[in-house]
Amino acid sequence: MPVHISVVVPVYNEEENVPVLVDAVRDALGHDLSWELLLVDDGSRDGSRDAIRAIAREDARVRLVPLARNYGQSTAMQAGFDQASGDVIVSMDGDLQNDPRDIPQLVATLDSGFDLVAGYRLRRQDKLVSRKIPSWIANRIIRRVTGVNIRDNGCSLKAYRRELFDRMRLYSDMHRFIPAMAASLAGARITEIPVRHHARLHGQSKYGISRVLKVLADLLTIAMIRSFRDRPLVMFGLGAAAAFGLGLTFVAATTVAVLSFREVKANALVFPGAAVLWFGLSCYLLMLGLIGEAVLSGHTEEGKSGVLLRETPR
Amino acid sequence: MTDISCIVPVTDRVPDLGELYREYSAVLAGAGLSFEFIFALEPWRRRDEEVLASIRASGSPVRVFAAGQPLGESALLRAAIPLCRGTMVVTLPAYRRVQAPALVALIERVRAGADLATAMRSPRQDSVFNRLQSRVFHALLTPATGRDFHDLGSGVNAIRRDVLDQIPLYGDFLRFLPVLAAREGFRVEEVAAPQHPADRGLRVHSIGTYARRLLDLLGLYFLVRFTEKPLRFFGLIGSGVSLAGFLVLAVLLVQRLQGHGIADRPMLLLGVLLVVIGVQAVALGLIGEIIVHFSATHRRSYRLAPSGEGERRGMGRP
């Protein structure tokens, strides 16, 4: 029986959760061989790796993907995707806050004609101030910036068509923005369904409120790549135009100052000086835009489009 | 069958290569190891070839390669790696820094399971100034690497050949080989090695050398922390500088609204300059992100740990 569903779970210091997780997935997906569970050990310092290895030895459907060190969630997920053999990939957290019983519903929704199905946590079991409120704000901003209408970007439980990952790779901390990347890079059809959410049983949460700045930087990146991936010169050109406009403003201010003060004093150099700085910035941004175009042309493969197209049924 | 390849890059220091070879090879031979020495010479060190040729003539396992153009120590070392026949590589500076028995200790540590063993000169017997500058360098290094290394300056490393082939080496970062190996998840051990008497002289480097060391540190810090997320580095700097600029401009705006003229205030230039520099830094970060984004599909992004369970071992993507 060919593998249909590959469940990919990044694991970092979840020794106690691993056996529970495997049992939960077994119960949810049944006892045939149509699925596999890839547990990516992201350089855990506890006994997670041995725990996974012991289970994998007895159950061929469970596979260990051992990373050499701790790379972070995005890279760990990508490592799992690279090893997955199913045509449907499901990602999930290793902390048991997601419920594997939702997987069949996700996959069924995916098979009804989508490239990505995201879960959203219906009754979230997390702390209000440190987790839920920042998450609510972040989701609003992410929705606005990325243009992808997903209620809950922080929920890892998602199902994907395998082809999606032939067109994009996760790096840095991009796992939070998979729907946005899938939409802009692969033109994916995306929907979401409600999923269950449980409070943490064992272990520590690996998130902190300190990640807000990082998420903001990543969001800026995503927005830029989404809008200007195919024309970086336009983005930098717009910035250059704004700087040029500011320069012109200061030229005008200089003119006014010279005309109204009559005798030009040495300290009237301030306005023209500022104008020169803005013009300099304008040139600099244009040049950077050209570099961006050079990078783009260096990485474009002939006859290859990233976008997923699907023939519509007649 | 050669087990151990010792690479000696010879740049500008003027050591007695014959003495180096005799001292180190005697100990290796005494330990019953099969080894070869590879000397990689800068073009202007050609006259060392005669010394080495006479050693080779006596049947010693010595190979000598000379660069056609000046390369520098790191590049010489890197160029010599593919020429090695051994399953373990020992990097040796041409200038003797540790006493010969330390080599055997390093090799044994690698045989016992370490991926890389690096020599840490201890006890150090050289001048207080040498030790002080080394101390400062390594104190600066720690925040970049997140791990304490005590003596990267020794340059004496024993490393498994297959491990060496998996570490991305470029530029002048070869001196940070233990750091890079540890970062890739390999087992790196520091081994105390008695300092060589020839290494005890006072070392005062040129200002250029110190500047290069500092740049190396900055480069390493960026490489380790921000290679995949340049915007976090440049964005933080840029937004901080821009924010300072906006504050200056806001103060001026308030003063202008209160009726003070600002056309003759150099403060205005400072404010604009800070904003401009900040925007430039952020823009550079964005270009960095574009480059990372497009190269992410081609670049190896992770390494799987070795395993006795028959799982696939290898790279993320070739």
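The structure under discussion appears in the preceding block.
Residues numbered from 1 in each chain as written. Chains lettered and ligands numbered in written order. Predicted model: local features only at pLDDT ≥ 70, side-chain atom pairs only at ≥ 80, totals over all residues.

A. The sheet that holds strand β7 (residues 188-193) of chain B, seen in detail. Residues and elements named next belong to chain B. Taken together, 7 strands build an open sheet; the order of strands is β3-β2-β1-β4-β6-β5-β7 and the sheet is mixed. Edge positions in the sheet fall to β3 (62-66) and β7, since each of these pairs with one other strand and no more. On average, each strand axis in the sheet is inclined to that of its neighbour by 20 degrees, with strand direction left out of account. Of the pairings in the sheet, the one linking strand β1 (residues 4-10) to strand β4 (residues 88-91) comprises 4 bridges and is parallel in character. In the sheet register, Ser5 faces β4, and the bridge partner there is Val89. Along the sheet, helix α2 (residues 48-57) contacts β1, β2 (35-41) and β3; its crossing angle with β3, the most-contacted strand, is approximately 160 degrees. Contacts from helix α3 (residues 73-80) reach β1, β2, β3 and β4 within the one sheet, and its direction differs from that of β1 by about 150 degrees. (Pairing = 2+ DSSP bridges. Helix = DSSP H or I, 4+ residues; strand = E, 2+ residues; numbered from the N terminus. Axes fitted to C-alpha atoms, helices over the stretch in contact; angles between N-to-C directions. Contact = placed C-beta atoms within 7 Å.)

B. Local environment of unusual backbone geometry. Looking along the chain, the bond that leaves Ser122 of chain B and enters Pro123 of chain B is cis, with omega of -5 degrees. With respect to the helices, strands and loops of the structure, Pro123 of chain B is situated in the loop between β5 (116-121) and α5 (128-145). The phi torsion at Leu96 of chain A lies on the positive side, around 70 degrees, for a residue other than glycine. On the secondary structure map, Leu96 of chain A appears in the loop between β4 (88-91) and α4 (103-111). Judged by the 21 C-beta atoms lying within 10 Å of it, Leu96 of chain A falls in the buried class. Even without being glycine, Ser172 of chain A reaches a positive phi, approximately 50 degrees. Looking at the element boundaries, Ser172 of chain A is found in the loop between α6 (164-167) and α7 (178-186). (Buried ≥ 20, exposed ≤ 12 C-beta atoms within 10 Å, placed from the backbone.)

Keep in mind these numbers describe shape, not what the thing actually does.
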